[in-house]
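Now for the letters of each chain:
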Amino acid sequence: MHPTLRYLSGRLLTTALVVVGAVTLLFALTLLVPGNPASVLLGPRATPEAVAALAERMGLDRPLHERLLMFFGQVATGNLGTDVISGRPILTMVMEVLPFTVTLTIAAIGLAVLVGVPLGCYAATNPGSRGDRVAAVLSVSFIAMPNFVVAIFLLLIFSIWLDWLPVLGAGEPGDVLDQLVRLILPSVSLALGWVGYIARLMRSSLLEVLGEPYIRTARAFGIPDRKIVYKYALKNAAIPTVAILGLGVGRLLGGAIFAEIIFARPGIGTLVYDAILTRNYPVVQAGVLVVVLLFVLTNLLVDLSYAWLDPRLRPQKGVA
Amino acid sequence: MTAPPLAAPLLDVQGLSLSFATARGVARVLRDVTLAIPRGRIVGVVGESGSGKSTMASAVMRLLPPNLHAVTGSITLDGTDLLALPPDAMRRMRGRRVAMVFQDPMTALNPVFRVETQMVDVQRNAFPDRSRRELHARAVEMLRTVGIPAPEKRIRDYPHQFSGGMRQRIVIAMALLCEPELLIADEPTTALDVTIEAQILRLFEDLRAGFDGSILFISHSLGVVSSLCDEVVVMYAGTVVESASARDLFTNPRHPYTRLLLECEIGEGDGRGERLRSIPGGVPDLFDVPDACIFAGRCPQAHDRCLQGVPALREVAPGHRAACVLA
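Cut-offs and rules
- Note that residues are indexed from 1 along each chain, following the sequence as it is written.
- By the order in which they are written, chains take letters starting at A while ligands take numbers starting at 1.
- Selection of residues for local features in this predicted model requires a pLDDT of at least 70, selection of side-chain atom pairs for listing and counting requires 80 or more, and totals for whole chains, interfaces and linings are taken over all residues.
- Side-chain figures throughout are based on the complete set of non-hydrogen atoms in the structure, without hydrogens or water.
- Residues are treated as being in contact if the distance between any of their heavy atoms lies within 4.5 Å.
- A simple way to read buried area is as the amount of 1.4 Å-probe accessible surface that goes missing from two parts once joined, with both sides added.
- Think of a salt bridge as a Lys or Arg side-chain nitrogen and an Asp or Glu carboxyl oxygen that are within 4 Å of each other.
- Contacts described as polar in this section are N or O atom pairs within 3.5 Å, which, within protein, must combine one atom able to donate a hydrogen with one able to accept it, while residues neighboring in sequence count only if both atoms come from side chains.
- Each helix is a run of H or I in the DSSP string that is no shorter than four residues. Each strand is a run of E no shorter than two, and both are numbered from the N terminus.
- Basically, the charged four are Asp, Glu, Lys and Arg, the nonpolar ten are Ala, Val, Leu, Ile, Met, Phe, Trp, Tyr, Cys and Pro, and anything else, Gly included, counts as polar.
- Here's how the labels work: a residue is buried when its accessible area is under 20% of the maximum for its type, exposed when over 50%, partly exposed in between, all with a 1.4 Å probe on protein chains only.
- We call Phe, Tyr and Trp rings a pair once their centres come within 6.5 Å, taking the six-membered ring for Trp, and we label the pair stacked below 30 degrees between planes, edge-to-face above 60, and tilted otherwise.
- Think of it this way: DSSP has to see at least two bridges between two strands before they count as a pair.
- Note on geometry: axes are lines fitted to C-alpha atoms, helical ones only across the stretch in contact, with angles between N-to-C directions running from 0 to 180 degrees.
- UniProt positions are given in the numbering used here, feature names are shortened, and annotations may be inferred rather than shown by experiment.
- Take the number of residues in a helix, subtract one, and multiply by 1.5 Å to get its expected span.
- Only buried residues count toward a nonpolar core. Its members are Ala, Val, Leu, Ile, Met, Phe, Trp, Tyr and Cys residues joined through side-chain atoms within 4.5 Å.
- For classification, angles of less than 35 degrees are called roughly parallel, those exceeding 145 degrees roughly antiparallel, those between 65 and 115 degrees roughly perpendicular, and all remaining angles oblique.
- Whether a crossing is left-handed or right-handed is set by the direction in which the near helix is turned from the far one by less than a right angle, anticlockwise for left-handed and clockwise for right-handed.

### Observations regarding the interface of chain B and chain A
Opposite the 33 residues of chain B that make contact, chain A presents 24 residues. Between chain B and chain A, roughly 2500 Å² of surface is buried when both sides are summed, and carbon and sulfur atoms account for 60% of that area. Its salt-bridge partner being A:K231, residue B:D121 comes within 2.8 Å of it at the nearest N-O pair. Linking chain B with chain A are 13 residue pairs in polar contact (both at pLDDT 80 or more). Where the side of chain B that touches chain A is concerned, the elements lending two or more residues are α1 (53-61), β6 (98-101), α3 (105-108), α4 (115-126) and α7 (164-177) of chain B. Here the element with the most residues in the side of chain B that touches chain A is α4(B); it accounts for six residues. Its residues assigned to classes, the side of chain B that touches chain A comprises 18 nonpolar, ten polar and five charged.

Pasting the structure below:
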């Protein structure tokens, strides 16, 4: 088999194993919650008949291994069942709000990279300067602030006091400008900590790379400083940042819950949050499952991007 | 600027002193170093570790570490005082006027770019008007010249796909592509094993014919320098102790340090159980340099006069200079 193909299939296999593990854990969720999920869902005043009927509809009366298999079957076919409260297919409910969360996460990551990377590059190329120290203080403050606090302050300052930006919601459907404007505060509140993180990481890895002998070689051949920093050093220094970003997507998806609640945006976060409040576990499972899948997918992409960034990590046929 | 007379050396280093600020204090790494490289010649610089030979080369390139404390003296390349150049003008000198090959080929090439990218980029400074295709073709030809097999294919590879010797050939090819007037080779074979070292030395010898610039060849081994260089400069603890034509230096060394260095190497590798010779004592402390001959502490012939001031580098025979009161 071609080494690239073998690498890819190996990587896909581990990804599949992670997904299987995650699905099993999600299944265990229904076993771990105290009480019968059906009675929890229907509340204390439900009749035993109603509970039994719902339990049967949810398949809770079957043996454990059968329920696990059923759950895997549901996940595999994408048929996640029907929501007992609204009577709508759960998958549809998740898919309706998924674009909002994905947009928010991409906007936050994009913002963090677009601000953090140049900030880190500036700090690394001017170490010890006033700008570097200001960037350091800002970065550490950004990292230290929990993003829900940032979200509340942003809301207070820009929506309530200054009245520059709309307060709540994701914007009118079809009105792209309105949607973009309403994306600003949530994505900034999610991105701010990551700006600090990426700036610090970028600074230290770029400083390290700039001390490498091959950078000295590039200087010895008169290659301009800008090209050395932004071409020769940046690609080497990007590797740790990309690794952190892979994990960051998972954290951002989790952090999106706060931003979505505070800014009253639809999304996986609000969906799961509301489902938890109503003890609607099938919806919680579905929401978390989608987040897990997104996370696993991003990490697969990150792993593949390592090979793009660093040819030494590519599968080799042999070295001459 | 008027062109310097033809007899003027290509590189003229005059009274170069240089110190670094360290946690222990100021280290006077180079003191009053004077040497000249005539056009079209290969000059070897020999000395043990810490003698300042690499620092001297870095000073010529103006690629000194940031803890540089002070520099005095002058480094003149073809009439231009390099130490007086603004940074950007110095950058433009690098590559097309003076290029450098480094000691460790394993780390000298950028691991995440193809050899092709790096070989094309180094030429941009020297030949800004040439097309990428042209620069690529030159790079392939130069790889062939330095002995990389199937260069049109291998140029697409990454550095880690080459062995150490091959990588050093690539770095040498990069330097030659810029057609510099001065090529500095800083111990280009030290990191390689003996057979590869011999191959790279042969490559330098072969290149002499096709390269009309001058070469400053740094080595810790007199043996390496002897076969390759026209002239040899011996450095010790940050000063030049002797300089002469290669033949004069080997047949008639005048400085006791050079003599000891030659004896050390003659004893090398005859494999008959004779212990390797070494010079007793260690390299002197550069934080507290005495006002005396820097080698006096280790010199078997040292006497009172050696402790009365630093001996000047003076001509002891035509074209042969030594910094020793006894020479």
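### Notes on the environment of A:G246
All names here are of chain A. With respect to the secondary-structure elements, G246 resides in helix α10 (residues 225-262). On the basis of relative accessible area, G246 is assigned to the buried category, the value being 0%. Distance from G246 to T298, taken between C-alpha atoms, is 6.1 Å for residues 52 residues apart in sequence. For G246, the residues in contact, after removing those within four places along its chain, are F295, N299 and V302.

### Focus: the side chain of A:N236
Note on placement: A:N236 falls in helix α10. At 2.9 Å, the side chain of A:N236 and the side chain of B:N110 are in polar contact. Filtering out sequence-adjacent residues up to four positions away, A:N236 remains in contact with A:V209, A:Y214, B:N110, B:P111 and B:V112.

### A closer look at the packing of aromatic side chains
Scanning the model with the defined rule gives seven aromatic pairs over all chains in all. An angle of 45 degrees between the planes, with centres 5.1 Å apart, marks the rings of A:Y232 and B:F113 as tilted. Here B:F113 lies in the loop between α3 and α4 and A:Y232 lies in helix α10, a pairing that spans two chains. Geometrically, the ring pair formed by B:Y236 and B:Y257 is tilted, given 4.6 Å between the ring centres and 50 degrees between the ring planes. Note that B:Y236 is positioned in strand β9 (residues 231-236) and B:Y257 in helix α11 (residues 256-266), a separation of 21 residues in sequence. Side by side, B:Y236 and B:Y257 carry an identical accessibility label, which is buried. Three or more aromatic residues joined by ring pairs form one cluster here, namely B:Y236, B:Y257 and B:F295.

### Let's talk about the pairing of strand β4 (residues 68-77) of chain B
Residue and element names in this part refer to chain B. Sheet topology places strand β1 (residues 11-22) next to β4; eight bridges connect them, and they run antiparallel. Bridge pairing links F20 to L68 in β4. Note that β4 and strand β5 (residues 80-81) share two bridges and pair antiparallel. Of the residues in β5, the one forming a bridge with L77 is T80.

### Quick word on the sheet that holds strand β12 (residues 320-322) of chain B
Residues and elements named next belong to chain B. An order of β6-β7-β8-β3-β9-β10-β12-β11 is seen for the eight strands of this open sheet, with the pairing classed as mixed. Of all strands in the sheet, those bounded by a partner on one side alone are β6 and β11 (314-317). Strand-to-strand twist of the sheet, defined as the mean angle between neighbouring strand axes without regard to direction, takes the value 25 degrees. In this sheet, β12 lies alongside strand β10 (residues 239-245) in antiparallel orientation, the contact comprising two bridges. Across the sheet, the residue bridging to S243 is R321, located in β12. Seen against the sheet, helix α8 (residues 194-210) touches β3 (42-46), β7 (182-186) and β8 (214-219) and runs at an angle of roughly 165 degrees to β8.

### Quick look at the UniProt feature "transmembrane region" (unreviewed entry) in chain A
When the UniProt feature table is mapped onto this chain numbering, "transmembrane region" (unreviewed entry) sits at residues 12-33, 97-122, 134-160, 180-199, 237-263 and 283-309 of chain A. Taken end to end, residues 237-263 of chain A is 96% helix and 0% strand, and its two terminal C-alpha atoms sit 35 Å from one another.

### Observations regarding helix α1 (residues 3-32) of chain A
Here α1(A) spans 43 Å end to end across 30 residues, near enough to the 44 Å set by a 1.5 Å rise per residue. Listed in full, the buried residues belonging to α1(A) are A:P3, A:R11, A:T15, A:V19, A:A22, A:V23, A:L26, A:F27 and A:T30.

### A closer look at unusual backbone geometry
Residue and element names in this part refer to chain B. Despite not being glycine, A150 shows a phi value in the positive range, around 45 degrees. Tracing the backbone shows A150 in the loop between α5 (132-145) and α6 (151-154). Phi is positive for E187, which is not a glycine, with a value near 45 degrees. For E187, the position within the fold is in the loop between β7 and α8. The buried category is assigned to E187, whose relative accessible area is 7%.

### Some points on the nonpolar core
A:L206, B:M119, B:I170, B:I172, B:L183, B:F204 and B:F217 are the most contacted members of the largest nonpolar core, which totals 113 residues. Looking at this core, the element that brings in the most residues is α10(A), giving 13 residues. The residues touching A:L206, leaving out its near neighbours within four places in the chain, are A:C121, A:A124, A:V229, A:A233, A:L234 and A:A237. Counting 38 residues, the second-largest nonpolar core is a separate cluster that includes B:L18, B:F20, B:M56 and B:I218.

### Description of the side chain of B:T258
Following the sequence through the fold, B:T258 ends up in helix α11. What B:T258 contacts, discounting residues up to four positions off in sequence, is B:L222, B:V234, B:E242, B:L249 and B:P253.

### Remarks on the packing of α1(A) against helix α4 (residues 64-77) of chain A
In a pair of packed helices, the angle between the axes and the distance between the axes together describe the arrangement. Residues and elements named next belong to chain A. The geometry of α1 relative to α4 is characterised by a closest axis approach of 10 Å and an angle of 125 degrees between their N-to-C directions. One way to sum up the angle between α1 and α4 is to call them oblique. As for how α1 packs across α4, the hand of that crossing is right-handed. Contacts between α1 and α4 involve V20, V23, T24, L26, F27, T30 and L31 on the former and, on the latter, L64, R67, L68, F71, F72 and V75. Considering only residue class, the contact of α1 with α4 consists of ten nonpolar, two polar and one charged.

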